[in-house]
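Chain residues, written in single-letter form:
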Amino acid sequence: MSPRMIASPHMEIDVGVELRAVTFTANGEYLVSGGTEVQVWRVEDGKKIATMKAGAVFSLAVSKDGRWIAAGTYEGEVIVWDSKTYEAVCTLKKDSDIINALDFSPDSTRLVSGSDNRTAMVWDVTMRKQVQTLCAEGLVIGLKYSAQGDRIATGTRRSVRVWDSNEGHLLVDIKGGMRPYYNGGLRWFNNHLFVVDSDKIKEFDASTGSAVSEWSVPSSGNFSCITLPQKGEFIAYSTTHTVTFWDTSTHTQLGLIQHSQDVRSIALSPDARFLEIAGENWKIAIKSLSGITHSSPLSPLSPTFEEPDIQVDDVSSKHDQVSDAGASFVSQAPFVDSSDTVLDSWNNDQLADTEASLTETITNSRDQTHHALANRALVQARSGHSDLAIEDAENSIKSRPSVNGYIAKSVALISGGKKAEGCRVYDLAFKHCHLMDVDLILLIKAIVVFMAGEHRDAISRVDDLIATVQSNSICYVVQAYMYLLLGKLQLEKSNYESAIQSFEHARTQTRSCVGPDLSAISLISGWKFDELDITVQQHLCDALYAAGRRNDATESLLKMVNTLDEAVYMSGPLIKWVSDWTHQYLSAPEGDAASNLAQQHETPVPTPLLREWAKATLANSGWKVALVAAGSFMLPRVTTYQAVCERLVATDRVTDAVDCFHELISESGGEVYMSGPMTEWVSDFTQRCLSARISEGETASNAAPHGNTPTLDPTPLLREWAKATLTRDSWKDALASAVNFTVPRVTIYRAICERLETIDRITDAFECVKQLTTELGGENNLHGGCLEWIHDFRQRSSKNLEHLGDIAADAQRYDEAISHYTTALSLNLPSPQYLLIKRSKAYLATGSWKHVLDDANQAITLDPSSPWGYEMKHAALHEAGEYDSAVDAFEVMLSKIVKSHDPDVQQHGDQYISPSSTRATISKIVQCTTRHLPRVLINTTTGRLHDRAEQASAFEALPIFNELVSSMTTRVDYVRIKREVRQYFRYVMLSHKWENNEPLFQQVVHIAVYDLDESPTHDKLQTFCKIVRDAGFDWAWSDTCCINKSDHFVLQEALVAMFKWYQGSAMMIVFLRGVRSPSQRGALVKSIWNTRAWTLQEYVASNVIHFYTEDWTLYHDLQLSNHKESPEIISEMEDATGVSAEQLMGLRPGLTNIREKLRLASTRQTTLVEDAAYSLLGIFSVTGIPAIYGEGEGSLGRLLAHVLTGSGDVSILAWTGESGSFNSCLPAHITVFNGPAASPILPPLPNAEMERLIAASHTSFDLDVALRLYDRLDQLSSPWFAASRMKLPCIAFQLPPLSSHRARSGRVYRVDTVVFGMVEIKTRQDLSRMKSLYLIHPWLDIILDRNDTQSGSFIEDDSEVTPPPSPHTDEEEISDEEVDDDSWSVPDPKVSAPAPPAPVHVAPMDREMRARRLVARLRQPFGALLVAPAASGRRAVDYRRVAADSLITVQIQENVSLTDLLKNVCTLDVL
C-alpha cells in the first residue's frame, strides 16, 4: 500500500536567517525558530512577534508552562528569555562547547542542556544555578525529560542513558547510540524511548534498557529528527527532503510530505494539527495534518503532490468554497441563504429594512419561501417579536423542514422565554443537516444554549468541540464571545473578579477568523465579532479598574494599544474610549493613582498612561482644551505639560509645542523643572524645537551665523534651553549641541554666557566669551552691541570671580577657588597683590607649596611693607620643610606688623607668639622630661654617653625642634610638644648578670660604645645598643656604664630611682648568659639571670620585655611585641617564683604585699650583702635610706624598719632564726622569709566559727571589761622605729622559771604558766642566765579587725597635670606645673614616728560586737615573740627579742580574766 500524501498546507514563513531548530509553544499558538537569532511567530497569521539576539542557535526549548524560552548556541551559551516580555533573564552557561540539545522539566523549574563536552548539565532556572552534571560517553546530541519529570534520557553516538533526575544517578545504560547530530533523534512515550539510529527507528523499555521493537526507515543525514504527538499514535520522521509518518503499533507508513529544500528540523503542535518544517531555504512551512489525525483510515494515493499555494486560514464552510479572494463571506453564509441586499442590511443591524425585504420576498416568490420565512423569524426574534418569529418558523417548517427552520424556531422560542422547549426543538435540525455541517450545527447549538442562560453548559460544549473539531478557530472565537458576554453580566452585578477571569478567558480564546460560517452565526445570534480582541481588552480594562486593580488595568490598556495598528488606533471610537478611560484613571484620587502621584513627585516623568492620554486626546482636541481637561489629574502639573508638549512635537505641531512650553514656564515660575529628569527633558525638548523651526516670531533668515546683529537678546526659548542644558552639560557641550539651531551664533553664545554668570560659573562664562571673541576674529572685530556687552561682562567678572573664589575657599573647595582667583588675575588688575595672597592661601590648602611661595614672593615684590606676603612665605617654607627659613620669614612678618601704622594690622598681630618664646617653652618641657630619665643615656646612633644637658641639646638639634617652633605661631601646643619630646626620649634598658670586665662609666664616658675593644662584655653592650637602634629607639641604658658609681650622690639616686627608670622605659631587653639557641623550656628558670636579686625588680617594673639568648636570638623565637605577655614566659616565671601569673603581674611598687615581696626576694642571690636590701628600694618605693656599702646586714634592718614604720605591717616580725644587728626584732638575713607567709601568727577564723565562739561566750566574760580592753588596744599606735629602736605595742606576759632540755640543734625549754599552760621554746641561746622573760602578743591589728593599718604617708604613684588650654604670649611665663606632668619628689629621709591614731568612734552595737570578736580572737592560738630586758643605762626598761628556732605557738587559757589581760597591755622599747 503506497503512503498517502499529506496535502493540507497552512502557511509558509520567510524568517530571513539560516534555520537550525524550530518548536511550538505549549499552547500551540506560537512557534519559535532558531538560527542566527531567535524569533517568535504567531501560527494563525504568520506575524513575527519578537526577535531575540543569541548568536548561532543549535537547539531550542519552551517550558511547559509557557513562561520560558531557552536557546543553546554554537558559542556554548544557554540563554533564557521571559516569554511574555521577551527580555533575557539569564545566561546559564558560558564556555566553548556547542549546546546540541535542551529540554525543560515538566514543572518548568529545571532545564537540562547537552553539549560537546560529553556532559549534560541540569540547571535550576529560578535560582539561575547548576544543580547536577550527568556524564555521557560522547558528545551529547539528544536529551529529554520523561513525562513525569523523574528521569532524563541522554543520547550520544555510543549509547543512550537514563538518569534519576532528582539524585543524578545512572539508572539504565543502553548500548547503541543515536546517529542524527542535532537534537530531535530521541523521544519518550510512556515508559518507552524511541531513538533514531542510522536507517532505523528503535524502541526501548526505559526501565530495563531492553529492545522492544525496531523498523527500517529511509536513510538520512545529520539532520534527521523524530517527533510524536501526546497520544503517541504515530511518529513523524524527517529525511533530507521528506517527512514520513509511521504507525507506532504496526510500524507501517501512514503518509508523507515532500519538501522542496533540505529539512533541518521539524516540530509537532501540541494538538498534533500542524507540523513545522524548517528548511535550508530560510523558510518555515506549517502543514495541516488533518489527513494523519483523522480517525478514518487513509486511502492509498500516489506521491505526486507539489507545493500548493499558501492559505492563511483553513477554516471554511462545508458549502461552496470562495473563489474570489475579495468576495464577501456573507453571501455564502450557510443556513441563511438570501440576497446580498437582505444579508447586507441584516449584517448592519438594519432589522426593519431586512424584515421588509424578506416580507417582499415571501409575498412575491412561490419557491423556497421556507428559507425567507426562517430568516424573517430570526430577524423578528432579534427585534423582540418572539410570537411572530415562532409563527414564521413553524410556517417555514410546514413548508419544508430544514436546518434553518428548526434553528429559527429554537431561537424564537428562547427569545420568548421558552428556553427548554427551544433547546429541544433545536435537536430536530440534525435530522435535516448534511454530515459535513454537524460541527457547525453543534456550535450553533452551544450558542442557543448560551442564549437560554445556561452559560457554563454552553462554554463546556464549545470546549468539547475545540477538542474534536479539526478546524476549530471559529470555536475559539465563539467561546471568546461567550466569555465576553458572561463577563459583562458579571461586571453589571459588580462581581469584578469573576468578570476579570471571564474577560481574560475571552482574550486567551480570541482568534483571527473570518468566513461564511462565522457570518451565519453573527446573523443568527446577533453577535458581532468585528474587532473582538479590542472589545474584550476594553472590557477587561474596565473590570480591572472597577476591581481596584488599577496597575493591572493600566498594563492591560498599554498592552492593547501597543499591539494595535496605528491607523486602526487613531480612527473610530477606540481613540475616544482611550481618552476617556485614561482621563478617568489619572483623575482618581485614591489607590494606585495616589501612589503614582507620589512617584511622580520624586521622578516627574510622564507615565506611559499619561502619554496615551495625550496621544488620544490631542488627536481630536487642541492642546489648551487638553490641559483644561487635565485639571483634575492627580499628577504634578508640569508632568501633564510635558506629555502634551511631547505629543505635539511628535505630530509636527512645533508651534503649538513651543506655546505650550512657554505656558508651562509661566505657570511654574520658571524653576520647578530644574532638577532631575525634567531638566533632561527641557534641554532635549528646547533643542529639538530650536533645531526644527523658529516660532513665536523668531526668524533666522536675516542673521548671519557669526554676525553682530543690532539686537542680540536671546529668545525666551533659547534662555530656557541654556538654563536646562547647562544644568547637566559643560558649556562646550552645550555649544556643540546647538550647531543646528536656526538662531544667530552670537546669540547662542550670549545665552550661554549669561546663564553661566547667573549660576556663578564665572570662569566658564569668561572662557566662553574668550572663545566667542576668537570665533569672531579677535578683539578688533568686535563692535556695536556685541562689543558693549563683552566690555560690561568683563567688568562684572572680576568682582564676581573674587567673590566666588572667597565662597569656594570658605567651603574648602580650594581647586575651585584657585581657578576663580587665577581667572580674575588674568584680567590685568591694577592691584593684584590681595588676590595673590588669597590664591596662595588656597594653594596652601592643597599642599602646592611652590605655588604658594611664588605668589608670596610676587606679593612681597608688589608691596614690601605688607606683612602678609611674609606670612604666606613662612607658610610655604614650612610646608616645604625649610623650617629655619620659615622662622626667619615669620620674624620678618612680626617686624612688619610692629612697624605698621594700620590699627587693623597691629590688632591682627596680637595673635602671634614669637619664636623665642616657643623655643623657651620647648626647652623647659625637654628639661622637665629629661629630669625623670636616667641621668646618663647611650645615644644609639653615635654610641656616646649623654648626660641630661646633652640629651636636651640633642633634641634641640633635631629638625623637629625647628618644625615645632615654626608650626606654633599663634598658640603653644603643649600636648604635641610633650608627645614629640617623649617619643624622642623613649629609652630601652638592659637587664643582665654582671660579669668580669664590664665596661664602666669611666671607660665609656670619653669613647663611643661601638669603639670599645673586643670582649664578651663589650660585645654584649654593643649588640644591645644596635638592637635598640634597629628597633627605632634613640636611647639605651645599661647599669654598667650609665652610672658613675664613684659619685655617691649619683649612685644613691640610681639605687632609689632605678625601679622608676625601668618602669618608665619603652622596653627592657634581658640578656640570658648561658642560655643558648635553640632554647629549651625551663631554660629561663635555670638561668643565672633568674637567680639575681636586682633582676626581680627589673622584671616587675618593666612593662615590655624581650628575652634574648646569649647568641642574641629571641628566646624560644618568640615573635611577640611583649614577651611578658607570652604564655611560655608566664609559665616559666610561675615555676621560678612559685607565684601565679596574676599575682606576679599585679605586683606594684609601694608598701603593699610586703610579705610576698620579701618571700620573692629571699630566693634571690646578691654578690654584696647590702644589695639584698638595696635591690628592694624600688619595689617598696623607699627613698629615705642612703646606700652605705660596707655596713653589712644592717642595710636589711634599716630597710625593714623603714617598711614597718611606713606600713604598720607586723608580719615582718614573723620569722625564726638569727636576729640582725640593727634591731633584735628584725632578722639578720632575708632568707628567713623564704617560706609560707605569716599564717601561724594568728590562724584565721571563718565567719561561721567566729559566730559560734561569740554565741558560746556570750555570758562567760565581763562585757564592760571587754569594752575597756578593746578601747585600750584601739588607742595604741602601730609599731614604728626611731633610729634602731622600735616602739612595739603588745600584750606582755612574764614567764616563770624555765626548765631546760638539750636537743641536737640547741635547747628546748619548757615552762608551766597560768596564762598559757605548758609552753615549749626551742632556741640556741642560754635562757637560764636571763633573769626575766616575757611572751608578747604583737598582732593587735589582727585581733582588732582593723582593715587598714595606721602608717606614715608616702608617695606611691605620680599624678598627671593637664596643661592649660589657652595659648601663651611671649610675655607670659610658664610654670613648672604647666609643663611637668611627670614630676615626683623624694620625701624627707628622716624617719619620724607617726602620731597616735585618734580614737575611732563607732556605733554602740558595732563597738560591742567588735569587743566580742576581740575576746573570741584572744582565745585562739597565736605565735608569740620571746623578749627579755636589756641593759641600756636608761631609766626605762629596754628589751631585746630572743630569737627562737621555731615559732612559739601558745593559747590563752579560759581561766585567764580579761582584767589580767588589760593590765598587761603596754608598748615596749625593743632594741
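Fair warning: this is a prediction, and the values are worked out from it, not measured in the lab.

Trainee: Break down the sheet that holds strand S20 (residues 192-197) for me, citing the residues and quoting the values.
Mentor: Judged by pairing direction, the sheet is antiparallel, and its 4 strands sit side by side in the order S19-S20-S21-S22 without closing on themselves. Looking at strand neighbours, the two that pair on one side only are strand S19 (186-189) and strand S22 (211-216), the edges of this open sheet. Across the sheet, the axes of successive neighbouring strands diverge by a mean angle of 20°, strand direction being ignored. Relative to S22, strand S21 (residues 200-205) runs antiparallel, the two sharing 5 bridges. The residue of S22 that forms the bridge with Phe204 is Ala211.

Trainee: So, the pattern of salt bridges: which residues are in play, and what are the values?
Mentor: In this structure the tally under the stated criterion is 64 salt bridges. One salt bridge in this structure joins Glu29 and Arg511, with 3.2 Å as the shortest N-O distance. In this pair, Glu29 sits in the loop between strand S3 (19-24) and strand S4 (30-35) while Arg511 sits in the loop between helix H11 (496-509) and helix H12 (516-525), placing the two residues 482 residues apart along the sequence. In this structure, Glu29 and Arg511 share a single accessibility class: buried.

Trainee: Which residues make up the pairing of strand S16 (residues 151-155), and what values go with them?
Mentor: Of all 5 residues in S16, 5 are buried, a share of seventy percent or more. The alternating pattern of S16 places Arg151, Ala153 and Gly155 on one face and Ile152 and Thr154 on the opposite face, and all of these are buried. Pairing of strand S15 (residues 142-145) with S16 involves 4 bridges; the strand directions are antiparallel. Bridge assignment links Leu143 to a residue of S16, and that residue is Thr154. Linking S15 to S16, which pair antiparallel, is a turn of 5 residues; within it Gly149 sits at a positive phi near 80°. Sheet topology note: the S16/strand S17 (residues 159-164) ladder contains 5 bridges and is antiparallel. Across the sheet, residue Ile152 finds its bridge partner in S17, namely Trp163. From the end of S16 to the start of S17, which pair antiparallel, there are 3 residues.

Trainee: With reference to specific residues and values, describe the sheet that holds strand S5 (residues 37-42).
Mentor: Read across the open sheet, the 4 strands follow the order S3-S4-S5-S6; overall the sheet is antiparallel. Since the sheet does not close on itself, it has two edges, and those belong to S3 and strand S6 (48-53), each with one partner. Direction aside, the axes of adjacent strands within the sheet are offset by 15° on average. Summarising the sheet, S5 and S6 pair through 5 bridges and their orientation is antiparallel. By the bridge assignment for S6, Glu37 is matched with Lys53.

Trainee: Describe the pairing of strand S11 (residues 99-104), and please don't skip the residues or the numbers.
Mentor: Across the 6 residues of S11, 6 count as buried, placing the element largely inside the fold. Turn length for the S11-strand S12 (residues 110-115) hairpin, with the two strands adjacent in sequence and antiparallel, is 5 residues, and the turn residue Ser108 shows positive phi of about 65°.

Trainee: Outline helix H30 (residues 849-862), supporting the account with residue identities and numerical values.
Mentor: Taking 1.5 Å per residue as the helical rise, H30 with its 14 residues ought to reach 20 Å, and the 20 Å between its terminal C-alpha atoms agrees with that figure. Residues of H30 that are buried in the fold lie against helix H29 (833-846) and helix H31 (868-880).

Rules used throughout
- Residues numbered from 1 in each chain as written.
- Predicted model: local features only at pLDDT ≥ 70, side-chain atom pairs only at ≥ 80, totals over all residues.
- Heavy atoms only, no water.
- Pairing = 2+ DSSP bridges.
- Helix = DSSP H or I, 4+ residues; strand = E, 2+ residues; numbered from the N terminus.
- Axes fitted to C-alpha atoms, helices over the stretch in contact; angles between N-to-C directions.
- Salt bridge = Lys/Arg side-chain N within 4 Å of Asp/Glu carboxyl O.
- Buried < 20%, exposed > 50% of the residue type's maximum accessible area, 1.4 Å probe, protein only.
- Expected span 1.5 Å × (residues − 1).
- Contact = heavy atoms within 4.5 Å.

Functional significance is not addressed by these values, which are geometric in nature.
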